[in-house]
Amino acid sequence: MALKEFELKWIEPPTLKFAKGKKSKFPLEGLKNHGPFDLESRPFKKLKVFIVSPNFAKKYLDKFLQIAEKLADEMLKIKLEVVDILCLEKFQYRNVANYLNEVDKKLENINKDELNVVLQILGARSTKREDNPYFELRKRMLGREGIAVQSITVSNLSGKRLKAKIGNVLLGMYAKSGGKPWQLAEPVSSLYEKTIYLGYDISLIEGARRVGTTIVYDNKGQLIYSTPIDIPVVGEIIKSSHIKSYIRHALIDITKNGNEIDTVVVHRDGEIHNEEIIGINSAVKEFNNKTKTIIISIPKTGVPPLFIQFEDNKYGLADNGYYFFTGYKNKQPTFFLQTYGFEPLKFLSQEEYKKHSMETRVVNMLQYRVAKLSNNLLQEMKEDISSLYHDIARQIFFLSRLNWGSGFGKARTPVTIHYAHKASKLLTSGINPRNIRWDKLWMI
Amino acid sequence: MQSNLVVPIVGPIYFRLNRLFWFPIKNANEINRMLFEKRSRENLDIIINRVTKKEFVSRGILAIPKAKGIAFLEKIELKEPYLFDKKSGITLHLGQLKEIHPRDEDIRRLINSFLSQKLREVCHSFSKNEYYFEQETIYKFKNIKFLIYQGLRFQTIFHQNHFYLILLNRYKPLILPTMDKLLSLPEFEGITAEINLAGIPLNTISEYSLKFGKPAFAGRLKKIIWQNKKEYMKRLNNIIKYYEKEGEAIYKYIEKKLLESPNQPIIEVTQRNYPEPLYYLSSLLVLTPSTSVISNFLEHIIGTKDITRKILKKYYEIVTPLPSKYMSLSIKWLEKIKEIIQNSSFLKTDEKFGFIKMRRDITWH
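Draft legend 1. The overall build of chain B, seen in detail. For chain B, the helix and strand inventory stands at 11 helices and 16 strands. Taken along its principal axes, the extent of the C-alpha atoms in chain B is 75 × 65 × 35 Å. Considering chain B as a whole, with its 365 residues, one finds that 52% of them fall into the buried category. For chain B, the share of sequence-separated contacts (at least 6 apart) that also reach a separation of at least 24 residues comes to 69%.

Next up, the structure:
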């Protein structure tokens, strides 16, 4: 059946799974009521933190830690233990070599095997690449010690929405330590049980290019593999032979870990070139001829938000889960999906719904293209291709609900892309996370 | 109960383009061979594209490069059967005008080119494919103004005989006055400017970019070359030589700018894809700070955190509007597009024209 342009469809947001299989629609509610998904299996008993802070931020730290300890207990059911605090003067922050020396000196007396994460407090946010403590501490800790770093600016240690900000920092630190705050209660794809979702991104380093971290999730919404990989790239295009060997290696590694695969869904951040499509397809075919492939490209160009129009010609932001087909671009069917819009927290009356959705700041929809469906999949679904497209929208929407860096749990893109993009941006600053375990989300 | 969901996608817009008029380039193979022998970085397509823009698009004639030639919407007559590309020194010899059947790609390019051309006639332009129509001043300090321009970017969705336009609201923060005047203020005297402004994006003033078809984005600030610096005269002479080659109109314009502000600094900028830095007269440039550097910049000129925070709040509210405000801007853009279509000979709308509306069922509790 042909796709109908602008035919609105809806996917119900997924239910999330917390400790002892208890479910909730909302991450914060689920965490508070039941605790994190890995409550009984997590490999650490306490969340041990080493803090590096500017001296002038000391006055905010006590209150911050007081709230953080309380929230850690309420949300994550874990004790937050501050192993040590290193306070530095402003000038010591400016000299990065000195800054790192001071950190090293302090760390000598700490048992690093027991340390979960370093909390770095920064005077201000800076995007510069050179001599920036944000990148330099990460380079040192991830490259040498295998410990992830969580940063927060001094301005976020106080002020409005403090609890929410601290909650997000705690979730970040938990995921960076290898914790799993929540999972999906329903499978990502309702059609194919043994599907894996592989996301990758490319970032620029002074003229040469490299691929960021590959992030792979299984159909239960569990992270099963992540690795940073360098690939030589000509201009914007990855050669098919290079992408082929890299996908093949990833598939072999994933199956070695005991995962079965019947469908491979590849998420590409940005436009995908034909060379890459050919490479991915032939890697999957060589791996197993029966394996089905879906290749999705998520172009960076923005698309507008989706609104609800009320009777008095006022507008509000439509809630999440709506999607529609818009047409073809380069012969690839293009869809818009509202992943990050307004989310009614409870059942609302019409008036309440109107008020909240009108007061929500606009967020653009996500645009994605189905760049390629393998022949075996097309053959199998030819009678019901719209179910396949519906399932693809569901996969993307469900995977966007696994953002462990936010208390709302939402990202605009699926986490495969969201994390790969973050990682690849960090990798361009020279960070080499060679000593950290693959299941610790160091880039979050 | 049913309710309307609306998305700022405009359509359907119907088009009638059954034929195009195409000038083939007779010496295409020769040019290709010559470029290959010279190991030139450029190819024939780049040269055709440049000539098309310069000779036709900038004069309001709708034209697109097509298959070793140039295609037009309407039959045109040229005085001479050749076109000269100043930059490469290559002359394109044109063959007989032919009537051809357009491909989907040609139609898409022509319509995109037509819409950009028409929107550019009524907008301020600060970057490629973005069209700004309205401005809001959010802060004024002495002579310095912090403005946000509001406008749109569009994408097209093509179908067989119609298309849709995806409208996306865009916002551009801008600091006025132009760099020559800004740098003469005590806040930006001497070397301080380089330290505090380094890396900030700069745009050319829209008068310069629109009138002469020059790039709207200049690059990121690397260095300020003041009049008392050794290299100043060398850079200035190079700039003058460059505009001499670019034609009389632009040369006169630059001359005027130099007379208005005689000792204006020269700005060295860098662009991601250019290995060499570029040099601009500061009177042609304005600061367009990105969100990430705007707070540092404001703090530098204002000095107090409290006021900076208030301005940033206002800035944030404009660039991340509430739904009704977003839609009110989109409706204005829709009207502009409607007018362009109504005045076009090959585009038309019907009674369905407007934003895409979709029905949904809601159960209120």
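Now that the structure is up, let's keep going.
Draft legend 2. Structural view of the sheet that holds strand β7 (residues 98-100) of chain B. All names here are of chain B. Reading across the sheet, the four strands line up as β3-β4-β2-β7 and stay open at both edges, with antiparallel pairing between neighbours. Here the strands that pair on one side only, and so sit at the sheet edges, are β3 (63-65) and β7. Strand-to-strand, the axes of this sheet are offset by a mean angle of 35°, without reference to chain direction. With three bridges joining them, strand β2 (residues 20-24) and β7 adopt antiparallel strand pairing. In the strand pairing of β7, W22 is matched with K98. Most of the contacts of helix α2 (residues 44-55) go to β3, to which it runs at about 170°, and overall it touches β3 and β4 (69-72). Contacts from helix α3 (residues 104-121) reach β2 and β3 within the one sheet, and its direction differs from that of β3 by about 135°.

Draft legend 3. Layout of the packing of aromatic side chains. Evaluated as defined, the whole model comprises 28 aromatic pairs over all chains. Centre to centre, the rings of F307 of chain A and Y326 of chain B are 5.5 Å apart; their planes meet at 45°, and the pair counts as tilted. With one member in each of two chains, F307 of chain A in strand β18 (residues 307-309) and Y326 of chain B in helix α11 (residues 323-342) form a pair that bridges those chains. The burial state of F307 of chain A is the same as that of Y326 of chain B; both residues are buried.

Draft legend 4. Fine view of a positive patch on the surface. Taken together, K90 and R94 of chain A together with K305 and R309 of chain B make up a surface patch of like positive charges. Listing elements by their share of the positive patch, those giving two or more residues are α3 (90-94) of chain A together with α10 (305-319) of chain B. Secondary-structure assignment places K90 of chain A in helix α3.

Draft legend 5. Geometry of the interface of chain B and chain A. Of the residues lining the interface, 37 residues belong to chain B; the matching set on chain A comes to 41 residues. Interface of chain B and chain A: buried area, both sides summed, is about 3,300 Å²; carbon and sulfur atoms make up 63% of it. Inspection of the region where chain B meets chain A yields one salt bridge. At the junction of chain B and chain A, the tally comes to 13 residue pairs in polar contact (both at pLDDT 80 or more). At the level of secondary structure, the elements contributing two or more residues to the side of chain B that touches chain A comprise β1 (2-15), β9 (144-158), β10 (162-176), α10, α11 and β16 (347-361) of chain B.

Draft legend 6. Spatial organisation of the pattern of salt bridges. Tallied over the full model, the rule gives 36 salt bridges over all chains. In this structure, R140 of chain A engages D104 of chain A in a salt bridge whose closest nitrogen and oxygen atoms are separated by 2.3 Å. Of the two residues, R140 of chain A sits in helix α5 (residues 133-145) while D104 of chain A sits in helix α4 (residues 96-107), which places them 36 residues apart along the sequence. A salt bridge links E231 of chain B to R235 of chain B; its shortest N-O distance comes to 3.1 Å. On the accessibility criterion, R235 of chain B (16% relative accessible area) is buried. Because the salt bridges share partners, they merge into one network encompassing K222, K223, E231, R235 and E268 of chain B.

Draft legend 7. Focus on the sheet that holds strand β5 (residues 79-88) of chain A. Residue and element names in this part refer to chain A. Within the open sheet, the four strands sit side by side as β5-β4-β6-β7. Their pairing is parallel. Each having just a single partner strand, β5 and β7 (148-153) make up the two edges of the open sheet. The sheet shows a mean angle of 25° between the axes of neighbouring strands, taken without regard to direction. In the sheet, strand β4 (residues 46-54) pairs with β5 via nine bridges, with the strands oriented parallel. Considered in β5, the bridge of I51 is made with I85.

Draft legend 8. Quick peek at the confidence of the model for chain B. Here chain B averages 86 in pLDDT, while 95% of its residues score no lower than 70. Confidence metrics for the complex model read pTM 0.88 and ipTM 0.87.

Definitions and limits used
Residues numbered from 1 in each chain as written. Chains lettered and ligands numbered in written order. Predicted model: local features only at pLDDT ≥ 70, side-chain atom pairs only at ≥ 80, totals over all residues. Heavy atoms only, no water. Helix = DSSP H or I, 4+ residues; strand = E, 2+ residues; numbered from the N terminus. Buried < 20%, exposed > 50% of the residue type's maximum accessible area, 1.4 Å probe, protein only. Contact = heavy atoms within 4.5 Å. Pairing = 2+ DSSP bridges. Axes fitted to C-alpha atoms, helices over the stretch in contact; angles between N-to-C directions. Phe/Tyr/Trp six-rings, centres within 6.5 Å; stacked < 30°, edge-to-face > 60°. Patch = residues over 30% accessible without salt bridge, like charges linked within 9 Å, V, L, I, M, F, W, Y side chains within 5 Å. Areas by Shrake-Rupley, 256 points an atom, 1.4 Å probe, with all protein chains shown as cover. Salt bridge = Lys/Arg side-chain N within 4 Å of Asp/Glu carboxyl O. Lys, Arg positive; Asp, Glu negative; His and termini not counted. Charge placed at Lys NZ, Arg CZ, Asp CG, Glu CD. Buried area = accessible area lost by both parts, 1.4 Å probe. Polar contact = N/O pair within 3.5 Å; in protein donor to acceptor, adjacent residues only side chain to side chain. pLDDT = per-residue confidence, 0-100.

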